[in-house]
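Tertiary structure, described
So the chains spell out like this:
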Amino acid sequence: MKKNKKEINEEKFYKNVCLIKKQISKAERKIKKQNIKRRRKLRKYIEKRDDNEILHKIKEFNENGKQTICYFVDSFYPCIDGVLYVLESYVEYMQKYYNVVVCAPKHNGECYKIDKYFVLYANSVPMKKQGYDMAWPSFDSDFQKYISLLNIHLIHLQSPFNMGAFGLELAKKRKIPCFSTFHSQFKKNFYDATKSELLATWLTRTIIKIYQNSTVALTMNPFAKNVMIEYGLKRPVEIVPNATNLVKKKFKKEFEVETLNKYHINTKTFNMIFIGRFVAVKNIFFILEVLKDLVKVNPNFNYIFLGYGPDEEKLKQMTREYGLQNHVIFTGKITDDDEKAVIIKNSNLMFFPSKYEIDSLVKIEAACYDVPTLCLENTSISSVLIDNQNGFICKDDKKEIVNRLDFLIKNVDFVKEVGKKANLEVYLTWDDSCKILKKLYDENINKFILNKKRKITKKHKKIEKKAKK
């Protein structure tokens, strides 16, 4: 007996539903396996804190004759970002001269194992959407106990949220210097989260008070300083530039060739590079819009996306839609610093049109290997570059950028000259940068010690006067 159309359609619909259910369950099993693997990997880095060990370390710091600096940060492992990179660079340098303690939030109630420096962890609540852990040091009795036992000479805040607010309050109670570094355009972050200009402005005014009430407010460049003033800061700001640990190295030819072949990089074409997380705020989709028009004018280029991030799949999809597969390379996450250095070394230009960063470290990494950066005007990067001298600055206009890139591809020798000047004027090591910071630390700690001595002598004089009477 023949089936009518309705029965045939119902049968097809049922088969499709069964197929979709199978695909969903398969995807769910895959996600579960990935999560189990992630948890197993994470276990290697989780440590159980022994109370006696922590107390012994605090006692050691209190008695070894060195001054102690406490860094307070709201973002910490396993969430790795630019703030953490800067913090660890400070810590590595400062440990030569001071006792260093990092105060950070736990991750999912666990302490992340760190061997290079001493960390005091505070209880936290995971913020799944943001990918961070919100610390609550005021509600952690153990954290407060450890802090109360520690002799601190200076506090340096790396963020203005819960850990930062706690650190500032602690500095006021102890009457010690408090430094605070401005790392991000918070108003943009608040607006993206709330979609309310009024609420974003109110939140920004709230956090800017942290910088206003600190002993020393710091940031990395003149652009960031102006942003702080726009946010309502009414006090002097010290500039301590960001830097890099990257040092120019010579590699064996075999290693270079092997690395370039591994990532399918052709040195005969004009290679442009992006280093960073693949997130929309870094203007990554605009890069593809530019390349789409550039390939029609001058196809003699490759663009290398070095990194990873939540928008990676969308970026790859757009690459296919625009027909740029033969001109765009995705390296994925590179953990080998030498491989990363080889890719930078064999690039001609860092094309980085992000408008989000307060300060970008990638321009310094590129300058290490004589690679100049092309950025947009009125951005943090443009505030430290001079157009056609140590970098390239363009208007936020696709047509103008396409024309400039076309010119640079045709004038490789000129790009090399600008790259050499970038190495002299933009490249900076953390040793150079941290010397500036250490000088500020010493000045403020010495002021604090002198003020303390004056107060003590005044008290003694008053007691002596009373005794004579």
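Reading the values: the criteria
Numbers given for residues are sequential positions, taken from 1 along each chain in its written order. Totals for whole chains, interfaces and linings use every residue, but because this is a predicted model, local features are given only for residues with pLDDT of at least 70 and side-chain atom pairs only at 80 or more, for both listing and counting. Computation of side-chain values covers all heavy atoms of the structure but excludes hydrogens and water. The way it works is that DSSP assigns letters per residue, a run of H or I at least four long becomes a helix, a run of E at least two long becomes a strand, and they are numbered from the N terminus. Only protein chains enter the accessibility calculation, which uses a 1.4 Å probe. A residue is then buried if its area is under 20% of the maximum for its type, exposed if over 50%, and partly exposed in between. By definition in these notes, contact holds between two residues if any of their heavy atoms fall within 4.5 Å. We call Phe, Tyr and Trp rings a pair once their centres come within 6.5 Å, taking the six-membered ring for Trp, and we label the pair stacked below 30 degrees between planes, edge-to-face above 60, and tilted otherwise. Pairs of strands are assigned from DSSP output, requiring at least two bridges between the strands. Axes here mean lines fitted to C-alpha atoms, for a helix over just the part in contact, with angles spanning 0 to 180 degrees between N-to-C directions. Nonpolar cores are built from buried Ala, Val, Leu, Ile, Met, Phe, Trp, Tyr and Cys residues. Side-chain atoms within 4.5 Å join them into one set.

1. Here we look at the overall build of the protein
Within the protein, the regular secondary structure consists of 16 helices and 17 strands. The buried share of the protein, taken over its 469 residues, is 46%. Considering only intrachain contacts with a sequence separation of at least 6, the fraction spanning at least 24 residues in the protein is 70%.

2. Description of the packing of aromatic side chains
The relative placement of two aromatic rings is captured by the distance of their centres and the angle of their planes. Going through the model one piece at a time under the given rule, you end up with 30 aromatic pairs. Both rings, one in Phe186 and one in Phe190, keep their centres 6.4 Å apart while their planes meet at 25°; by these two values the pair is stacked. Of the two residues, Phe186 and Phe190 both sit in helix α6 (residues 186–194), 4 residues apart, roughly one turn of that helix. Of the two residues, Phe186 and Phe190, both sit in the buried class. An aromatic cluster is present here, built from Phe274, Phe278, Tyr303, Phe305, Phe330, Phe351 and Phe352 joined pairwise through their rings.

3. Concerning the environment of Ile80
For Ile80, the position within the fold is in the loop between β2 (68–72) and α3 (82–94). Classification of Ile80 by relative accessible area gives exposed; the value is 52%. Taking the C-alpha atoms as reference points, Ile80 and Tyr132, separated by 52 residues in sequence, lie 9.8 Å from one another.

4. A closer look at the environment of Val247
Its place among the elements puts Val247 in the loop between β11 (238–239) and α9 (253–262). Taking the C-alpha atoms as reference points, Val247 and Glu365, 118 residues apart in sequence, are found 8.7 Å from one another. Once residues lying within four places of it in the same chain are set aside, the contact partners of Val247 are Cys368, Tyr369 and Tyr427.

5. Notes on the side chain of Glu339
With respect to the secondary-structure elements, Glu339 resides in helix α12 (residues 337–345). We classify Glu339 as buried; its relative accessible area is 11%. Excluding residues that lie within four positions of it along the chain, Glu339 makes contacts with Phe255, Thr259, Lys262, Tyr263 and Ile334.

6. Notes on the sheet that holds strand β8 (residues 154–157)
Pairing within the open sheet is parallel, and its 7 strands lie in the order β5-β3-β2-β8-β9-β10-β11. Each end of this open sheet is capped by a strand with a single partner; those strands are β5 (118–122) and β11. Looking at chain direction, β8 and strand β9 (residues 178–181) are connected through 3 bridges and run parallel. Counted as the bridge partner of Ile155 is Cys178 from β9. This element, helix α2 (residues 51–63), spans β2, β3 (99–105) and β5 of the sheet and lies at about 125° to β5. The strands touched by helix α5 (residues 162–174) are β2, β3, β5, β8 and β9; relative to β8, the strand with the most contacts, the crossing angle is about 160°.

7. Describing the nonpolar core
One finds Tyr71, Phe76, Val102, Met272 and Leu291 to be the most contacted residues of the largest nonpolar core, which totals 99 residues. Of all hydrophobic cores here, the second largest spans 27 residues; its members include Phe118, Phe143, Leu168 and Ile210.

8. Regarding the sheet that holds strand β15 (residues 349–351)
Sheet strands line up and pair through hydrogen bonds in the backbone, either parallel or antiparallel. The parallel open sheet is built from 6 strands, whose spatial order is β14-β13-β12-β15-β16-β17. Two strands bound the open sheet, and with one partner strand each, they are β14 (328–332) and β17 (392–394). With strand direction ignored, the average angle separating the axes of adjacent strands in the sheet is 25°. Relative to strand β16 (residues 373–376), β15 is paired through 2 bridges, and the arrangement is parallel. Bridged to Phe351 within β16 is Leu374. Against the sheet, helix α14 (residues 398–410) touches β12 (270–275), β13 (301–306), β15, β16 and β17, its axis set at about 155° to β17.

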